[in-house]
Amino acid sequence: MNTIEQVRLGVTELHVSSFERSLPFYTDILGFTLLEQTDSTVTLGSNTKEPILVLKEDVQLKEKPDHEPGLYHFAVLLPTRKNLGTWLAHVLKKGYPLIGASDHFFSEAIYLSDPDGIGVEIYADRPQDIWVGEHGEVKGGGNAPLDGDGLLQEAADSTWEGLPAGTVMGHLHFHLNPEEADSFYVNTLGFHIRMAPPASLFVAGGVYHHHLAFNAWGRGRKGAIDPRFSGIRSYTLVFPKEDDRTSVVERLTKAGIHMNTTGKSNEFIDPFGVLVRLQIEETDKKEGAEYGQTHRG
């Protein structure tokens, strides 16, 4: 079976219940730049104006209960460890509550929640040659304590100016059944299994530690995402070349997955009700794109 060797995450769409509550969090706390706003949609990016998130407002939405299928967190990848330290100093100064911080060996990560209870991870990768083994396996994982003091010390001479150039959507982690995810995302779509701890599955294109993750921690979490709750509605997979995207479209079509073409995207609905867009990298962005997310850490 053909597999995905190069891919990155593009724009992710979240639905929230109130811009009045959400926008201060996404801009003042997380550090996104507001690129465009209409009555119902906000586009957010880094300070280089590259779109990363789209928020849509629906005042009828309720916060997703923990036992419901849905998004566990979206993960914003910063280019360097110093950037992560700068962000940590910023959020501590703001006094916004953090819900966790971990050293995963391949990355250092800080966790918090948005006003709708949507999980957020802000992280930086360590250099890839540290955590990719001789046979391409991922070394590390787990949840060791984060060296917060070390992060702050490394960033002591820096000034917070919002999310820096090179910030991307690093991965998406779902509260969804790993067996269903394996069947579709690995066997049909072509992602590689990178880690499979108990009741979870981490998959990626190429050797990255994970672009997508799925867990059933505590519950089976079978079934599709309920649109009555706030959270994810769509995300984008960006391929470096048209041939890479075409091979994925052919595999999905052969498997009986209905595909739509909208503008520059091929689109389908995954087994959990999430719209997935398949795009190719725009020519003027290929030079700086990091499909393996080989950031320096």
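Residues numbered from 1 in each chain as written. Predicted model: local features only at pLDDT ≥ 70, side-chain atom pairs only at ≥ 80, totals over all residues. Heavy atoms only, no water.

Peer 1: Just give me the short version of the overall build of the chain, but keep the residues and values in it.
Peer 2: Helix and strand content of the chain: six helices and 18 strands. Burial statistics for the chain: of 297 residues in total, 55% are counted as buried. Expressed as a percentage of contacts within the chain between residues at least 6 apart in sequence, the contacts between residues at least 24 apart total 68%. Carbon and sulfur atoms provide 49% of the accessible area of the chain, an area that totals close to 13200 Å². If the 27 positive side-chain charges of the chain are averaged to one point and the 41 negative ones to another, these points end up 2 Å apart. (Helix = DSSP H or I, 4+ residues; strand = E, 2+ residues; numbered from the N terminus. Buried < 20%, exposed > 50% of the residue type's maximum accessible area, 1.4 Å probe, protein only. Contact = heavy atoms within 4.5 Å. Areas by Shrake-Rupley, 256 points an atom, 1.4 Å probe, with all protein chains shown as cover. Lys, Arg positive; Asp, Glu negative; His and termini not counted. Charge placed at Lys NZ, Arg CZ, Asp CG, Glu CD.)

Peer 1: Could you give an account of the side chain of R233, with specific residues and numbers?
Peer 2: Following the sequence through the fold, R233 ends up in strand 15 (residues 231-239). Despite its burial, R233 pairs with no opposite charge, the nearest such side chain being D58 at 6.1 Å. Within the local environment of R233, its side chain forms a polar contact with the side chain of H15, the two groups lying 3.5 Å apart. Beyond its immediate sequence surroundings of up to four residues, R233 is in contact with E13, H15, L61, P227, V274 and L275. (Salt bridge = Lys/Arg side-chain N within 4 Å of Asp/Glu carboxyl O. Polar contact = N/O pair within 3.5 Å; in protein donor to acceptor, adjacent residues only side chain to side chain.)

Peer 1: Report on the environment of D226, specifying residues and quantitative values.
Peer 2: Take D226: it is sitting in the loop between strand 14 (212-215) and strand 15. Along the primary structure D226 and F272 are separated by 46 residues, whereas in three dimensions their C-alpha atoms are 9.1 Å apart.

Peer 1: Pulling in residues and values, what's your account of the pattern of salt bridges?
Peer 2: Applying the stated criterion to the full structure yields 13 salt bridges. Here R8 ties to E281 by a salt bridge, and the two come within 2.8 Å at their closest N and O atoms. Placement of the pair is R8 in strand 1 (residues 8-9) and E281 in the segment after strand 18 (275-280), with a sequence separation of 273 residues. Of the two residues, R8 and E281, neither departs from the other in class, the shared state being buried. Note that R81 is salt-bridged to D147, the shortest N-O span being 3.9 Å. Here R81 is found in helix 2 (residues 81-94), whereas its partner D147 is found in the loop between strand 10 (144-145) and helix 4 (148-154), with 66 residues between them in sequence. By relative accessible area, which is 40% here, D147 ends up partly exposed. Three or more residues are tied together by salt bridges with common partners; here these are R81, D103, E108, R126, D147 and E154.

Peer 1: Describe in detail the packing of aromatic side chains, supporting the description with residues and values.
Peer 2: The tally for this structure, following the rule as stated, stands at 14 aromatic pairs. Each ring, one from Y26 and one from F74, has its centre 6.3 Å from the other, and the planes form 15 degrees; the classification is stacked. Of this pair, Y26 sits in helix 1 (residues 19-29) while F74 sits in strand 6 (residues 70-78), and the two are 48 residues apart along the sequence. Since its relative accessible area comes to 0%, Y26 is described here as buried. Take F74: its relative accessible area is 0%, and that puts it in the buried class. Look at F174 and Y235: their rings are 6.4 Å apart centre to centre, the planes differ by 45 degrees, and that puts the pair in the tilted class. Here the residue F174 occupies a position in strand 11 (residues 168-175), and Y235 occupies one in strand 15, the gap between them amounting to 61 residues. An identical accessibility class is assigned to F174 and Y235; each is buried. One aromatic cluster is present, built from ring pairs that chain together F174, F184, Y185, F191, F214, Y235, F268 and F272. (Phe/Tyr/Trp six-rings, centres within 6.5 Å; stacked < 30°, edge-to-face > 60°.)

Peer 1: Which residues make up the pairing of strand 17 (residues 265-269), and what are the values?
Peer 2: A large share of strand 17 lies buried, amounting to four of its five residues. Pairing between strand 16 (residues 260-262) and strand 17: three bridges, direction antiparallel. Bridged to T262 within strand 17 is S265. With four bridges joining them, strand 17 and strand 18 adopt antiparallel strand pairing. Note on strand 18: the bridge partner recorded for E267 is R277. Hairpin connection, strand 17 to strand 18: the antiparallel pair is bridged by five residues, and G273 has positive phi, about 90 degrees. (Pairing = 2+ DSSP bridges.)

Peer 1: Tell me about the nonpolar core, and please be specific about residues and values.
Peer 2: Ranked by size, the top nonpolar core spans 62 residues in total, and within it Y26, F74 and Y235 carry the most contacts. Ranked by residue count, the leading element in this core is helix 1, at five residues. Counting 15 residues, the second largest nonpolar core, distinct from the first, contains Y111, Y123, F202 and A204. (Core = buried A, V, L, I, M, F, W, Y, C linked by side-chain atoms within 4.5 Å.)

Peer 1: Summarise the sheet that holds strand 14; cite the residues concerned and give the values.
Peer 2: Spatial strand order, 10-7-8-9-6-11-14-13-12: nine strands in an open sheet with mixed pairing. Taken across any chain shown, the strands that pair with only one partner, and hence form the sheet edges, are strand 10 and strand 12 (192-195).

Peer 1: Tell me what's going on with helix 5 (residues 178-186), and back it up with residues and numbers.
Peer 2: Think of an α-helix as 3.6 residues a turn; residues three or four steps apart then line up on the same face. Of the residues making up helix 5, those classed as buried are P178, A181, F184, Y185 and V186. For helix 5, the angular spread of the buried residues around the axis is 165 degrees, confining them to a single face. For helix 5, the side-chain oxygen to backbone nitrogen distance between the N-cap and E179 is 3.1 Å, and the N-cap itself is N177. (Arc of directions from axis to C-beta.)

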